Amino acid sequence: MSIFYGAENIVSFHYLWNQVDNHFIPNEIFKKKNSFLTIENIAYRPTKIFLMDYPITFVLPSLQYELFGHDTKVLEFGGN
């Protein structure tokens, strides 16, 4: 496995996640418009970002960098 293998996998995963997110996960929970439901929808969006998008957008690339970046170089120079 090389650095390019990891980069291609993460780009593919981001594409698939974007398709699933756009088709199956709503941007708003409540369609009615009143003040309480508007607050609920406002609270839903940051929660969705933090619990679903943050791990995929920031944590997954960090893991990819550690695994396919450092690990590949260690193996390339004869480490274990």
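One structure accompanies this document, and this report is about it. Just so it is clear, the structure is predicted and the values come from calculations on it, not from any experiment. (Residues numbered from 1 in each chain as written. Predicted model: local features only at pLDDT ≥ 70, side-chain atom pairs only at ≥ 80, totals over all residues. Heavy atoms only, no water.)

1. As for helix α1 (residues 3-24)
When the terminal C-alpha atoms of α1 are compared, their 32 Å separation across 22 residues agrees well with the 32 Å that a helix rising 1.5 Å per residue should span. All of the buried residues in α1 are G6, I10, W17 and D21. For α1, the arc enclosing every buried residue in end-on projection is 40 degrees, short of the 170-degree limit, so these residues lie on one face. Along α1, exposed side chains directed more than 90 degrees from the buried face belong to F4, E8, V11, Y15, L16, N22 and H23. Packing partners of the buried residues in α1 comprise α2 (35-76). (Helix = DSSP H or I, 4+ residues; strand = E, 2+ residues; numbered from the N terminus. Expected span 1.5 Å × (residues − 1). Buried < 20%, exposed > 50% of the residue type's maximum accessible area, 1.4 Å probe, protein only. Arc of directions from axis to C-beta. Contact = heavy atoms within 4.5 Å.)

2. Some words on the side chain of N41
Relative to the helices and strands, N41 is located in helix α2. A polar contact of 2.9 Å, which involves the side chain of N41, links it to the backbone oxygen of F30. Dropping the residues within four chain positions of it, N41 is found in contact with E28, I29 and F30. (Polar contact = N/O pair within 3.5 Å; in protein donor to acceptor, adjacent residues only side chain to side chain.)

3. Re the packing of α1 against α2
Running from amino to carboxyl end, α1 crosses α2 at an angle of 170 degrees, the nearest separation of the two axes being 9 Å. For the element pair α1 / α2, the angle class is roughly antiparallel. Along the contact surface, α1 presents I3, Y5, G6, A7, I10, F13, H14, W17 and D21, while α2 presents K48, M52, D53, I56, T57, L60, P61, Q64, F68, G69, T72 and K73. Each residue belonging to the contact of α1 with α2 can be placed in one class, and the counts come to 11 nonpolar, six polar and four charged. (Axes fitted to C-alpha atoms, helices over the stretch in contact; angles between N-to-C directions. Parallel < 35°, antiparallel > 145°, perpendicular 65-115°, else oblique. Nonpolar A, V, L, I, M, F, W, Y, C, P; charged D, E, K, R; others polar.)

4. Some remarks on the side chain of D21
Inspection of the secondary structure assignment puts D21 in helix α1. With sequence-adjacent residues up to four places away left out, D21 is seen in contact with K48 and D53.

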